[in-house]
Structure formats: C-alpha cells, structure tokens
Amino acid sequence: MFPNFKGFDFFPHDTRIPFMRFKAICLWASMIAMALSLGLFFTRGLNYGVDFKGGSIIEVQSKSGPADLADVRRSLGSLGLGDVQIQEFGAANDILIRIEQQPGGDQAQQEAVKKVTAALGDDYVQRRVEIVGPTVSGELRTTGTIAVVVSLFAIILYVWFRFEWQFAVGTIVALSHDVLLTVGIFSLFQLSFDLAIVAALLTILGYSVNDTVVVSDRIRENLRKFKKMELNELLDLSINETLSRTILTGVTTFAVLLALFFLGGEVIRNFTLAMLLGILIGTYSSIFIAAPLLGYTGIKRDWSGTEKSKKSSAVASRA
Amino acid sequence: MLHFARWKIVAITLTCLLGLLFALPNLFSKETVQGWPDWLPSRQLSLGLDLRGGAHLLLSMDVDDVRKDWLDSLRDDTRRRLRDARIGFTGLGVQGGGVHVRIAQPDQVDAALKELRGLVQPLGNAILGSAGDDIEVQRGAEPSLLILQPTEAGMQQRVTNAIGASIETVRRRIDTLGTAEATVVRQGWDRILVQFPGLQDTAQLKALIGETARLSFHDVHHSITGEEARASRPPPGYRVHPSAEQEGAVYLLRETPVVRGDQLVDAQPGFDQRTNEPIITFRFNQSGARTFGRFTQENVGRPFAIVLDDKVLSAPVIREPILGGSGQISGSFTVESANNLAIQLRSGALPAKLTIVEERTVGPSLGADSIEAGSRAFIVGGVASLVMVGLAYGTFGLFAALGLVINAVLVVAVMSVLGAALTLPGIAGLVLTIGMAVDANVLIYERIREELRNGKSPIAAIDAGFTRAIITIADSQLTTLAAAIVMFWLGSGPIRGFAVTLSIGIFTSVFTAVTVTRLLVALWVRSIRHKSRTVEVPI
C-alpha cells in the first residue's frame, strides 16, 4: 500500500562540536557588530522609503525599447521637485522614480506626481504609483516602531512564561541582535527601508525565537536528564543534538526564500532579502548567543522538586 | 499517539476533502464556476489590488471644516430663534470654537438663555440611553454674553455623521466611473478608504472626489462692492467671496444663500447654444424652484451669484424671473470639468473637504507580472521543499510532503471562504509558511531518529517523536502567530495580506503536520504490522 524507501540522513548525528569554546569570541564579535549597527543607524541612518519618509514612488515602463535614464533625469530635473532619484528597476525598460516629500502638506505630493506624469509624456506607461503624505508617514513611523517593540515584548513574555527568566534574557539579547544587525546591514548598504521591511523584521523575530525555543527546550530537557554534567558541556550537547534540525529547517526556509528572491519579482526583492539575512542571523544567534548566555546568567540545576526528575534520573545514570 | 479512533480518521479525512472542495473553484475560470450547480462552492480567491491592479486611496476628512460648518449653522439658528422670540441682540458671531451673542436688554437674558437651550439636542438613542447633549449654552464673562459651545461628544457624532454622508457621496460619484466593485469604507476616526480594482488612471477619480462641490445661489449686496467691503469690514450678515474666474476679483454676498445645491434634482453637462461653451444645466426641486422663482421675481435687473466651494463661478444679472425651476451655470468649463461638476452636483455635496493622504496605484501590467512571478516562486519554492523532505525522510518524508500539499490547499480554501485577498507579500507568506511547515515535520522526524538511535523500538520511537515534538511545535508556532497578529494590526493593504496568509498558514500547518501526517504514519504502521512482526522505520 505504501512505497517503502529510506531517507538520506544528510547530517552526521554524533557531532560534538564544542560551540561553547567559541562563546567568548562570538559574544564579543556580536557585541561589536551590534555596536557597529547602532553606530551606523545613528550616523548614516536608514534609507527610509516613502512609507516612513513621505513622498512618492512612480514606476514607469518605456513603451518602446530601453528607457533613456539620462533623458528622464533631464526632463524631471527641471521641475524643481527637490531630490528626485531615478533608477532602473528590474528590467532595462523599467524605471523607478522617487520624489522626496514636497513642502506644503498632503495636496502638494499629488501636484508633484501630476507634474512628473506630464513631463514623462506618452512614451511611458505608469506601472505603479505610491504617494504617502506627511500625516500618514508620521503615523506609519509610529506604528512601525510600536509593532517591533510590542512583538519583542510579547515574545519575551511568552518565553519567560514557558521557561525560566534566564532563557528570556538570552532570547531578548538574541532577538535584539537579529533586529539590530538586519537594520545595520540595511543602513550600511542604504537599502530602501519601508513598511514591508518591518514586516520582514517581525517574521525574522518569529523565526529566530522559533530556533531559540527549540534549542532551549532541549537544554531544559537535558538539564533534567544530566544533573551532574558541567553546564557548558550540557549546552554543547543540546546544540549538537538539535543541530540537524536547525540546519535542515534553515536550509529549507532559505531555499524557499531564495526562490522568492530570484523569481518573486522586483517589488518584493528587498523584503525577501531582509528575510534571507534574518534567517542567517537568527540561526547564528540562537546557537551562539542565546545558549551561551545561559552559561553566564546561571540556571537552576536542581529540579528535584518536580515530578519528572525522578523518572529521568534513571536515564541520567545510564549516560 | 498512534491510535486513532475511527471517528477521528473520518473527521480528518473530511476536513481535507472539504478543503479540497473549497479550493477547487480556483482551478477553473470564473465563467466555468458560475455554471456550476448551486451546492458546489463557487467562491474564488480574491486578488489584492497589487495583483489585479487598481487604486487604493486613503482620504482624510477636514474635521475643522465640519466644526466650522456646524458653528455657522448654529449662528444662523441663534439669529432665527432670537428674532422669532423678539429678543434684541448684538455681536452675533463665531469666536474661539463657539457662537457668541450679546443680548441687548439685561432683563431678556434669561428668556434668551431659555430660548437658545431649545437648540440643544440630546445625543444617543433609545437603546443606549442619553449620552449627554450636543451643545452647551452658557453665560459668558459679561452678564449680557451668551455662548453656545459644541461638546466633545457632540463633535464626535457630527464627524461620524459627516463621514457616513461622505462615504455615501463618494460612492455615488465613483459609481459613475463604471460598474467595477469599488469599496468605500471608514477607517479610523476621520478617514475614508477607497479601493478601486482595475482602475489605472486615477486622475478622474481624484477630480471627482477632490472637490466638495457645495453649490449655492446668493444675493449680491445692493450698494457695497466686494472691493470696498474687503478694504473695510463686510456689513453683518455678508461675506466677501473670491471669484473663481478672475484672479483678485471679489464679491460681497449675503451669507445665507437663497437656494442651496441640495435642492437640485438634476444636473447635466451641455453646451451653450450661442457661445458653444461647455455649461451645466440644472433643475431645482419644487421648493427650490419656488424660492428661486420668488427671488428672481423680486430682483429683476440685479445680479445674483452662483457660488461653488466658496468661490463665485459667475454673477449674472437677472433679466427676467426664472419661474420654470431650471437654469444653467457657465464659467469657463472644459468638457471634462463640466462633466465632473455635473456628476458632483447630481451626487450631492461632500459635508467637508477630503484630502488624499495616501495613494497606491498598481497598473494591470505590473499586477499580471507580479502574479506570474509569485506563482513561479511558489511552485519552485514548494517543489524544493517537497523534494527536500522526500529525500531526507523517505517514505515518512512523502507523508510530510503530502501534508504540505494539503496545507497549501487548506490555506487557499480558508482564504477563498473568508474572502481574504491574496497579495504579493501574501504569496510570499504562503511560500514561507510551506518552508516553515517543514520545520514541524523535521522536528518530529529528527526526534524519531534520535529515539531510534537511543535504542527504542520503532513504534515507541515514532510515538515519542510525535509526543515530544508537539510541545516544541506549539511553542514555536505560537510565537510566530504573535508576530503575525501584530503585523495585521500594523499593516496596510499588502502587509495585512502577508499577515493573513501567515496566520492561516500557522493553523493549517500545525493541523497537517501534527494530525494529517501522524494519521498517515499511523496507517502505515498498521499496514506494516499485518505483514511482519518486525517494523523497520524507513526514515
């Protein structure tokens, strides 16, 4: 009735990679990376998209042949609209025009787009127009920030509720690390940071905490199993035991995101890029930050009060 | 964990089949589905504006406009009330968010107060009981001063009413652009969201909703010109209006109009027979026709002004009484603007000015490209995930792969039934859900492998794998769900689409990984047991 074949066990299972030996280096490296990201954020800043900065985006496609960027630049430069960025977008006949927020409130943005459309004339078809006025961009900035902070808190509360506070501390640091580094990379390369990127950040939070929870679950299980084991050794063991899962899931998710990145179209490219980065950083942080931090914060080793401990002590003695 | 009661097997199978049934219409064209018998589901996945193309406009209503209007009408009511009661007054006007009036005779102040309190309307309704009054009438600092002040609750109700009326008007205006299924809904406190699928050129849409189109006919002051009034101060009851035609020209008009635009029953674009210029012809309703007829009868040889949104369109001289109740408006229109104004007049004035605070328009070509790109990424990403689990876990991997396919079908089915729109980020969410749903299977199967290595018997290992992994799965999915809910609350359009597919995907993936895959494994175990007593787990 069922086909019967065995799967390939891709990953060696009895790895004994001494992760904890690198913990000092990794924590320092991460701290420096976080500091650098913060520095970049405050000095270089983010290249906010229209969602957060206000202004307009117009995507147009040339009706015949590749678009003449120099010509478009010339004709739009004389309109007096301040900073107008013109770039190719995905294909040679596709261009993206960004107009900075115009002084004079919501109505002024509309006028600016009207001028651009008129200046472009009949050679181009409008593919997309996004106009965000100053009121809405201000609100989106606020809700965007609140959203990230609220999700962080919700997740931390959950972890605290499910585990001990030491796990929550590790999670806070790991998650902040993921968000900060992604933001830092967006600042470094001045990639457009808009509402979709905030959504990506939230997804990264979800994924990263997922990873952290799996490792933490195993740590807690092993804490009950191996009461006498040295903590660093135990953390190493837990990470190694879950390593095949971490990598397999990571690779699958990464592969799927790669498909989206290359095939999903120009519109969501930055969004998938943020998630690709986030998956890498998130996987790293749950192994090299969340778990090692437990070694520093100290953790309850005596579980004799709980009912499960009696059963597992038998297993422990066998090991 | 591996024992399933018969009813459970039936329930799980039924759920999957139902999912398949509800997802089915999406495989066929709209026309085919409409030809199906009624008992078959016919709802298809609705596409978001970024995929099907269309316009998304967020309009903000000018609340100050609403307040100003209300105060103006309160002032007029105050004047009428006091006059009717034969109470003398001075200094009637709008000041600092209230209407101020001074009563001439000190002994009439109490009577005036009583009279003006008659303007107060209770808020709330019969069911919820009273929620206070809409305005407050109070004595001012001086004994003769009375102040009418709108309350906070009254203002809220005004805005709610104005938004409701605006939505109706916007809908009537938009309906003239075609039969597309545009939606007009209130958003937040003072906003209106217009979503217009399929529309690419938003110029006319914006022209139609960009003007309040408040039309009124006013008496022009007999002796003082607009310029004179502007230089000094307009006499009480009169106001200076700019001309819409000539830069700098002004008119002095009586504040209270003779007839308002809401007395029109019809307005049509047309051409002037002599000059061949675009004009608008209109017809008053009965009472409007009577009032306007009487007014023109009494004012032959004098000008009156046609005012649109506070600007004077024209001020023609009345040559003869206009008794038929119809007339025409001229004023350097283009064919297009005459047509737009006629639509606006027919569909009624907006209670306050609407400003576009956010616009997102996607052309149909980009939408089509996005659909293509999204489906390609979905297929490639999906197949990659299926191959990955199949290779990694053999027969059990096939079960997981089947679970993933059912997962995708269920997401599509749930979205079709709920009418949730699929957006491009939504497709990304769907692809990501499948990628992350693999995680649940990986957790279970890796656990089984581990238990096998620890020397457990195959059945015990499988059992332990499912039992232990479920807690971890719940933990990880719940945290992602928390993030998705925050995203939904944060999101506009596309982001919401992402949050919706992600949330639905979380529920369906837990169902398929924990229930469907487990059932398949259980059935496998049962079929193997019949053949031999030793079970080798193909994992």
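Residues numbered from 1 in each chain as written. Chains lettered and ligands numbered in written order. Predicted model: local features only at pLDDT ≥ 70, side-chain atom pairs only at ≥ 80, totals over all residues. Heavy atoms only, no water.

Observations regarding the overall build of chain A
Working step 1: The secondary structure content of chain A amounts to 10 helices and 6 strands.
Working step 2: At 25 Å, chain A has a C-alpha radius of gyration far larger than the 20 Å of a compact globule built from 319 residues.
Working step 3: Judged by the C-alpha coordinates and their principal axes, chain A covers about 80 × 50 × 35 Å.
Working step 4: Counting across all 319 residues of chain A, residues that qualify as buried make up 54%.
Working step 5: Put simply, 77% of the contacts in chain A that link residues at least 6 apart link residues at least 24 apart.
Working step 6: Accessible area for chain A stands at about 14,000 Å²; split by element, carbon and sulfur atoms hold 64% of it. (Helix = DSSP H or I, 4+ residues; strand = E, 2+ residues; numbered from the N terminus. Rg over C-alpha atoms; globule rule 2.2 N^0.38 Å. Buried < 20%, exposed > 50% of the residue type's maximum accessible area, 1.4 Å probe, protein only. Contact = heavy atoms within 4.5 Å. Areas by Shrake-Rupley, 256 points an atom, 1.4 Å probe, with all protein chains shown as cover.)

Thoughts on the nonpolar core
In globular proteins that are soluble, nonpolar side chains generally tend to be buried together.
Working step 1: In terms of nonpolar packing, the biggest core is built from 96 residues, with A:F193, A:L202, A:I219, A:F271, B:M487 and B:F498 touching the most fellow members.
Working step 2: In terms of residue count, the dominant contributor to this core is helix α7 (residues 195-225) of chain A (15 residues).
Working step 3: With sequence-adjacent residues up to four places away left out, A:F271 is seen in contact with A:A196, A:I197, A:A199, A:A200, B:A428 and B:F498.
Working step 4: Listed in part, the 44 residues of the second largest apolar core include B:V389, B:V442, B:I473 and B:L519. (Core = buried A, V, L, I, M, F, W, Y, C linked by side-chain atoms within 4.5 Å.)

Here we look at the sheet that holds strand β2 (residues 55-62) of chain A
Backbone hydrogen bonds are what pair the strands of a sheet, in a parallel or an antiparallel way.
Working step 1: A sheet is described by the order of its strands in space; here 8 strands give the open sequence β3(A)-β4(A)-β2(A)-β5(A)-β20(B)-β2(B)-β10(B)-β9(B), paired in antiparallel fashion. Two strands in the sheet have a free side with no partner beyond their single neighbour: β3 (84-89) of chain A together with β9 (183-187) of chain B. Adjacent strand axes in the sheet meet at a mean angle of 20°, parallel and antiparallel pairs treated alike.
Working step 2: Here 5 bridges tie β9(B) to strand β10 (residues 191-197) of chain B, and the two strands are oriented antiparallel to one another. Bridged to B:T183 within β10(B) is B:Q195.
Working step 3: Sitting on the sheet, helix α3 (residues 69-77) of chain A is in contact with β3, β4 (91-99) and β5 (124-132) of chain A, with an inclination near 160° to β3(A).
Working step 4: Taken strand by strand, helix α6 (residues 152-175) of chain B contacts β2 (54-61), β9, β10 and β20 (354-362) of chain B, and its axis lies near 165° from that of β9(B). (Pairing = 2+ DSSP bridges. Axes fitted to C-alpha atoms, helices over the stretch in contact; angles between N-to-C directions.)

Regarding the packing of helix α6 (residues 165-188) of chain A against helix α9 (residues 269-297) of chain A
Axis angle and axis distance: for two packed helices, these are the angle between their axes and the distance between the axes, and together they describe the pair.
Residue and element names in this part refer to chain A.
Working step 1: Where α6 meets α9, the axes come as close as 8 Å, and the angle between the chain directions of the two elements is 145°. Two packed elements cross with a definite hand, and for α6 against α9 that hand is right-handed.
Working step 2: Counted by class, the contact of α6 with α9 contains 16 nonpolar, 9 polar and 1 charged residues. (Left-handed = near helix turned anticlockwise from the far one by under 90°. Nonpolar A, V, L, I, M, F, W, Y, C, P; charged D, E, K, R; others polar.)

So, the side chain of B:S60
Residue and element names in this part refer to chain B.
Working step 1: Within the secondary structure, S60 is located in strand β2.
Working step 2: Residue S60 is classed as buried on the basis of its relative accessible area, which comes to 14%.
Working step 3: Ignoring any residue separated from it by four or fewer positions in sequence, one finds S60 in contact with D190, R191, K353, L354, T355 and V357.

Some details on the domain arrangement of chain B
Working step 1: Domain boundaries in chain B define domain 1 (6-50 + 365-531), domain 2 (63-157) and domain 3 (211-360).
Working step 2: For domain 1 of chain B and domain 2 of chain B, the distance between their C-alpha centres works out to 62 Å. (Domains from an automatic or database assignment.)

Points about the sheet that holds strand β18 (residues 311-314) of chain B
Residues and elements named next belong to chain B.
Working step 1: Read across the open sheet, the 4 strands follow the order β14-β11-β17-β18; overall the sheet is antiparallel. With partners counted over all chains shown, the strands left at the sheet margins are β14 (259-260) and β18, one partner each.
Working step 2: In the sheet, strand β17 (residues 304-308) pairs with β18 via 3 bridges, with the strands oriented antiparallel. In the strand pairing of β18, I306 is matched with S314.

Brief notes about the interface of chain A and chain B
Often, the extent of an interface is quoted as the loss of accessible area on bringing the components together.
Working step 1: Taken together, the contact between chain A and chain B spans 74 residues of the former and 74 residues of the latter.
Working step 2: Linking chain A to chain B there are 9 salt bridges.
Working step 3: A salt bridge links B:D475 to A:R162, with the nearest nitrogen and oxygen atoms 2.6 Å apart.
Working step 4: The tally of links from chain A across to chain B stands at 20 residue pairs in polar contact (both at pLDDT 80 or more).
Working step 5: Only β2, α4 (105-120), β5, α5 (134-162), α7, α8 (231-263) and α9 of chain A provide two or more residues apiece to the side of chain A that touches chain B.
Working step 6: The element best represented in the side of chain A that touches chain B is α7(A), accounting for 15 residues.
Working step 7: Of the residues contributing to the side of chain A that touches chain B, the split by class is 38 nonpolar, 21 polar and 15 charged.
Working step 8: As paired elements, β5(A) and β20(B) share 5 bridges and run antiparallel to each other. From the neighbouring strand, A:R128 faces β20(B), where its bridge partner is B:V362. (Salt bridge = Lys/Arg side-chain N within 4 Å of Asp/Glu carboxyl O. Polar contact = N/O pair within 3.5 Å; in protein donor to acceptor, adjacent residues only side chain to side chain.)

Quick look at the packing of helix α1 (residues 6-23) of chain B against helix α11 (residues 364-418) of chain B
Residue and element names in this part refer to chain B.
Working step 1: Their axes nearest at 8 Å, the elements α1 and α11 cross at an angle of 60°. In this view, α1 runs oblique relative to α11, as classed from their interaxial angle. Relative to α11, α1 is oriented so that their crossing is left-handed. Residues T15, C16, G19, L20, F22 and A23 of α1 touch α11, and the partners they reach there are I406, V409, L410, V412, A413, S416 and V417.
Working step 2: Of the residues that constitute the contact of α1 with α11, the class distribution is 10 nonpolar, 3 polar and no charged. (Parallel < 35°, antiparallel > 145°, perpendicular 65-115°, else oblique.)

Quick look at α3(A)
Residues and elements named next belong to chain A.
Working step 1: For α3, the full list of buried residues reads L69, V72 and L76. Viewed along the axis of α3, the buried residues span an arc of 60°, placing them on a single side of the element. Exposed positions of α3 whose direction lies more than 90 degrees from the buried face are R74 and G77.
Working step 2: Considering only its buried residues, α3 is in contact with β3, β4, α4 and β5. (Arc of directions from axis to C-beta.)

Let's talk about the confidence of the model for chain A
Residue and element names in this part refer to chain A.
Working step 1: Residues of chain A with pLDDT of at least 70 account for 93%, and the chain-wide mean is 85.
Working step 2: Per-element averaging of pLDDT across chain A places helix α10 (residues 308-318) at the bottom with 42 and helix α1 (residues 23-43) at the top with 93.
Working step 3: Note that pLDDT drops below 50 for residues 307-319; the model gives that stretch 10 contacts with residues more than four away or on any other chain. (pLDDT = per-residue confidence, 0-100.)

A word on the domain arrangement of chain A
Residue and element names in this part refer to chain A.
Working step 1: Domain annotation of chain A identifies domain 1 (19-45 + 137-304) and domain 2 (55-132).
Working step 2: When domain 1 packs against domain 2, the two sides together hide about 400 Å² of surface, and 64% of this comes from carbon and sulfur.
Working step 3: Considering only the side of domain 1, the residues that lose the most area to domain 2 are S137, E266 and V267, jointly responsible for 79% of the buried surface there.
Working step 4: Put simply, domain 1 and domain 2 have 0 salt bridges between them.
Working step 5: Taken together, the links from domain 1 to domain 2 amount to 0 residue pairs in polar contact (both at pLDDT 80 or more).
Working step 6: Its residues assigned to classes, the side of domain 1 that touches domain 2 shows 1 nonpolar, 2 polar and 1 charged. (Buried area = accessible area lost by both parts, 1.4 Å probe.)

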